[in-house]
Amino acid sequence: MQIEKKDIRALSKEQLRDFFVSNGDQSFRGNQVYEWLWSKGAHRFEDMTNVSKATRLMLEEHFVINHIKVDQMQRSEDGTVKNAVRLHDGLVVESVLIPTNTRTTACVSSQVGCSLDCNFCATARLKRMRNLEPAEIYDQVVAIDKESRLYYNHPLSNIVFMGMGEPLMNYNNVLKAIEMITSDEGLGMSPKRITVSTSGVPKMIKKLADDEVKFKLAVSLHSAIDDIRSRIMPFSTNFPLADLRESLEYWYQKTKSKITYEYVVWKDINDNKASVDALVKFCKYVPCKVNLIEYNPIDDGEFQQASDESIDAYIGALEANGIVAKVRRSRGKDIDAACGQLANKEA
């Protein structure tokens, strides 16, 4: 029976060094290979040109490099780029490059499908098939960085974990990916340019704070009234707003980092004064800002974009209470690349 080879990028640098020593080579060889795998982004052992052929063959015998492949790339009229990313086992996730005049942002996925059940999100309709490995998350960023340089003549400037999946349900792998993205041995990006967006898992938000992470936190809130929130995000029945509030207060106490609330206003769901007042009250617990997000329909019409007047009511109330709020227009709608639309339609 053939033994399945391990992905070499699951090894730390120390483990790679130990591997070479135990195979009669010198430990520095591990440093060379580690550099090829991460900062040079080698897809194949044969690309490692300063490593002897015999060593490359030995690596080939023991390991694989489970690199992603951009299966299909679509470009929107507004410049947004969507990648359908094929994983080594044939599964597909999507990632998005969002350009503005001053920066390019990568929106990356952390799971194949999603662990949660938000009714307004196309991704949530796919069952969670598996968590992404750290290298698979890292590869999405590398691919988008290349596209940013190719199409916009500058490196990727920001990353948001707002693609497919709930990042905090793949906690260890997401943090390991961010560690490599921010490492000088990886992409060397500042953690302050990375935002992890969660639908709100209090226990894991507290763990982030305890782990003293340096990246930013965003929370998909969508309602500050429990009954409404559990209607649109059924999983939140297990995570009431009182628990979420406590975890966010704990986060701020530990990190002194502002929260961003992501908030969609829907017609006949949360476009009323009670919802506006509840959000204003919730925003006063922890220093924050609010992104009011344009809704992107996902076919069945149950959720519809609220009127401009309803959005204005939110903006007016938040600003009157000293809370920073802005309307975030969705990008890439014509290629199903906007918030809540990632669902592998082409896979």
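The structure this text deals with has already been given above.
Residues numbered from 1 in each chain as written. Predicted model: local features only at pLDDT ≥ 70, side-chain atom pairs only at ≥ 80, totals over all residues. Heavy atoms only, no water.

A. Geometry of the pairing of strand S4 (residues 81-86). Across the six residues of S4, five count as buried, placing the element largely inside the fold. In this sheet, S4 lies alongside strand S3 (residues 69-75) in antiparallel orientation, the contact comprising six bridges. Residue pairing in the sheet places Lys69 in a bridge with Arg86 of S4. Adjacent in sequence and paired antiparallel, S3 and S4 are bridged by five residues, among which Gly79 carries a positive phi angle near 95°. When S4 meets strand S5 (residues 92-99), the two strands line up antiparallel, connected through six bridges. (Buried < 20%, exposed > 50% of the residue type's maximum accessible area, 1.4 Å probe, protein only. Helix = DSSP H or I, 4+ residues; strand = E, 2+ residues; numbered from the N terminus. Pairing = 2+ DSSP bridges.)

B. Representation of the packing of helix H9 (residues 273-283) against helix H10 (residues 308-320) within the structure. Two elements in contact, H9 and H10, have axes separated by 10 Å at closest approach and are oriented at 35°. Judged by the sense of rotation from one axis to the other, the crossing of H9 with H10 is right-handed. Here Ser275, Val276, Leu279, Val280 and Cys283 of H9 lie close against H10, whose contacting residues are Ala313, Tyr314, Ala317 and Leu318. For the contact of H9 with H10, the residue count by class is eight nonpolar, one polar and no charged. (Axes fitted to C-alpha atoms, helices over the stretch in contact; angles between N-to-C directions. Left-handed = near helix turned anticlockwise from the far one by under 90°. Contact = heavy atoms within 4.5 Å. Nonpolar A, V, L, I, M, F, W, Y, C, P; charged D, E, K, R; others polar.)

C. Examining the sheet that holds strand S12 (residues 259-264) more closely. With respect to topology, ten strands assemble into an open sheet ordered S3-S4-S5-S6-S9-S10-S11-S12-S13-S14, the strand pairing being mixed. Of all the strands in the sheet, the pair left with one neighbour each is S3 and strand S14 (324-328). With strand direction ignored, the average angle separating the axes of adjacent strands in the sheet is 20°. Pairing geometry for strand S13 (residues 288-293) and S14, over five bridges, is parallel. Across the sheet, Val290 pairs through a bridge with Ala325, a residue of S14. Seen against the sheet, helix H8 (residues 241-255) touches strand S11 (216-220) and S12 and runs at an angle of roughly 170° to S11.

Functional significance is not addressed by these values, which are geometric in nature.
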